[in-house]
Amino acid sequence: MAAYKLTYFNFPALAEPIRFLLSYLKIEFEDVRFEREEWPSIKPKMPFLQVPILEIDGKILNQTSAICRYLSKKVGLAGSDDWESLLIDIAVDNFTDFRKAIALAAFDPNEESKAKKFETLINETIPFYMNKFENIVGENDGYFVNGKLSWADLYFVAIIDFLGYLAKVNLLEGRTKLQELKKNVSEIPEIKSWIIKRPAFSYDV
C-alpha cells in the first residue's frame, strides 16, 4: 500500500479538502502539522514555497485542487463524463475566487485598507458568492453539480467554516440549502470519523 504524507499548518484551510478525500477513500495518511513560527524554516523546502503538499511514496505533489481531483477520480467523485467534470472544476474554481477575496481582506497588514476591504467583503462579496452558491445547490437537488455528491461538495464543506472564521461571520446563516449540504457531507461515515478525530480548531467568530 502506498504511503501518504500530508504537510500543512496546524489548522484546516487548504489542507482540509485533501484530508476529507483521503478519509473518504479510507486511506491512512500521516498528518504532519507545523506552527506558524516554524514556517520560515520549512518554506524554502517546498516546491513552490507553498503548502499543502502531499507525498505519495516520497513523490511530492502540490496544488490542493489538482490533488483533490486526482484523489476523487479513484472513487467516482470527479464526474461521470467530461462535461460533468468541467462543471465540478468550475464550482471549485468559484470557491477559490471567493476564498482569495476573503484572504485579501483578512491578511491585509494595513488596518485602514483592511477595514475598507472588510466593508466591501461583508456588504458585497460575501452576499454575492454565498447567495449564488445557495441557489446553485437549491437547483441541483442539494449538491453543486447534477444532483449528486462530487468532490466539489466535499471541498466546499471542508473549507467553509475556516472561511467564515477569516471573514468573522457565519457564512451559512440563513442559507438552508448550504446548511443541509454541510450536514449531509459531515454525516458521511468516513468524513464523520475524520471530523471526530481531527485536532480541534476553534471556529468562533
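Residues numbered from 1 in each chain as written. Predicted model: local features only at pLDDT ≥ 70, side-chain atom pairs only at ≥ 80, totals over all residues. Heavy atoms only, no water.

(A) Focus on the overall build of the protein. Per the secondary structure count, the protein includes eight helices and four strands. Against the globule reference of 17 Å for 205 residues, the protein gives a C-alpha radius of gyration of 17 Å, in line with a compact fold. The C-alpha extent of the protein, read off along each of the three principal axes, is 50 × 45 × 30 Å. Looking at the protein residue by residue over its 205 residues, the buried ones come to 44%. (Helix = DSSP H or I, 4+ residues; strand = E, 2+ residues; numbered from the N terminus. Rg over C-alpha atoms; globule rule 2.2 N^0.38 Å. Buried < 20%, exposed > 50% of the residue type's maximum accessible area, 1.4 Å probe, protein only.)

(B) How the structure looks around the nonpolar core. Core analysis: the largest hydrophobic core is formed by 67 residues, its most contacted members being Phe-95, Phe-98, Met-130, Phe-133, Phe-144, Trp-151 and Phe-156. If one sorts the elements of this core by residue count, helix H6 (residues 151-167) sits on top with 13 residues. Residues in contact with Phe-156, not counting those within four places in the same chain, are Phe-95, Met-130, Phe-133, Phe-144, Leu-172, Leu-178 and Leu-181. (Core = buried A, V, L, I, M, F, W, Y, C linked by side-chain atoms within 4.5 Å. Contact = heavy atoms within 4.5 Å.)

(C) Main features of the side chain of Glu-16. Secondary-structure assignment places Glu-16 in helix H1 (residues 16-24). Ignoring any residue separated from it by four or fewer positions in sequence, one finds Glu-16 in contact with Ala-158, Trp-194 and Arg-198.

(D) Quick look at the side chain of Ser-72. Relative to the elements of secondary structure, Ser-72 occurs in helix H3 (residues 64-73). Not counting residues up to four positions away in its chain, the partners in contact with Ser-72 are Leu-21, Leu-77, Ala-78 and Trp-151.

(E) Region of the structure containing the pairing of strand S3 (residues 53-56). Covered by surrounding structure in S3 are Ile-53 and Glu-55 together with Leu-54 and Ile-56, the residues of both alternating faces. Of the pairings in the sheet, the one linking strand S1 (residues 4-9) to S3 comprises four bridges and is antiparallel in character. For Leu-6, the partnering residue across the bridge sits in S3 and is Leu-54. Here four bridges tie S3 to strand S4 (residues 59-62), and the two strands are oriented antiparallel to one another. Each residue of the ladder has a partner; that of Ile-56, found in S4, is Lys-59. (Pairing = 2+ DSSP bridges.)

(F) A look at the packing of aromatic side chains. Counting across every chain of the model gives 23 aromatic pairs. Residues Phe-95 and Tyr-155 carry aromatic rings whose centres are separated by 6.2 Å and whose planes lie at 25° to one another, so their mutual orientation is stacked. With a gap of 60 residues between them, Phe-95 in helix H4 (residues 82-106) and Tyr-155 in helix H6 connect regions that are remote in the sequence. Taking the centre distance of 5.5 Å and the plane angle of 35° together, the rings of Phe-162 and Tyr-165 count as tilted. You can see Phe-162 and its partner Tyr-165 sitting in helix H6, three residues apart, about one turn around the helix. Overall, Tyr-165 belongs to the partly exposed group, its relative accessible area being 32%. Taken together, the ring pairs in this structure connect Phe-95, Phe-98, Phe-128, Tyr-129, Phe-133, Phe-144, Trp-151, Tyr-155 and Phe-156 into an aromatic cluster. Here Lys-168 stacks its cationic end above the ring of Phe-118, 5.4 Å away from the centre of that ring. (Phe/Tyr/Trp six-rings, centres within 6.5 Å; stacked < 30°, edge-to-face > 60°. Lys NZ or Arg CZ within 6 Å of the ring centre and 35° of its normal.)

Keep in mind these numbers describe shape, not what the thing actually does.
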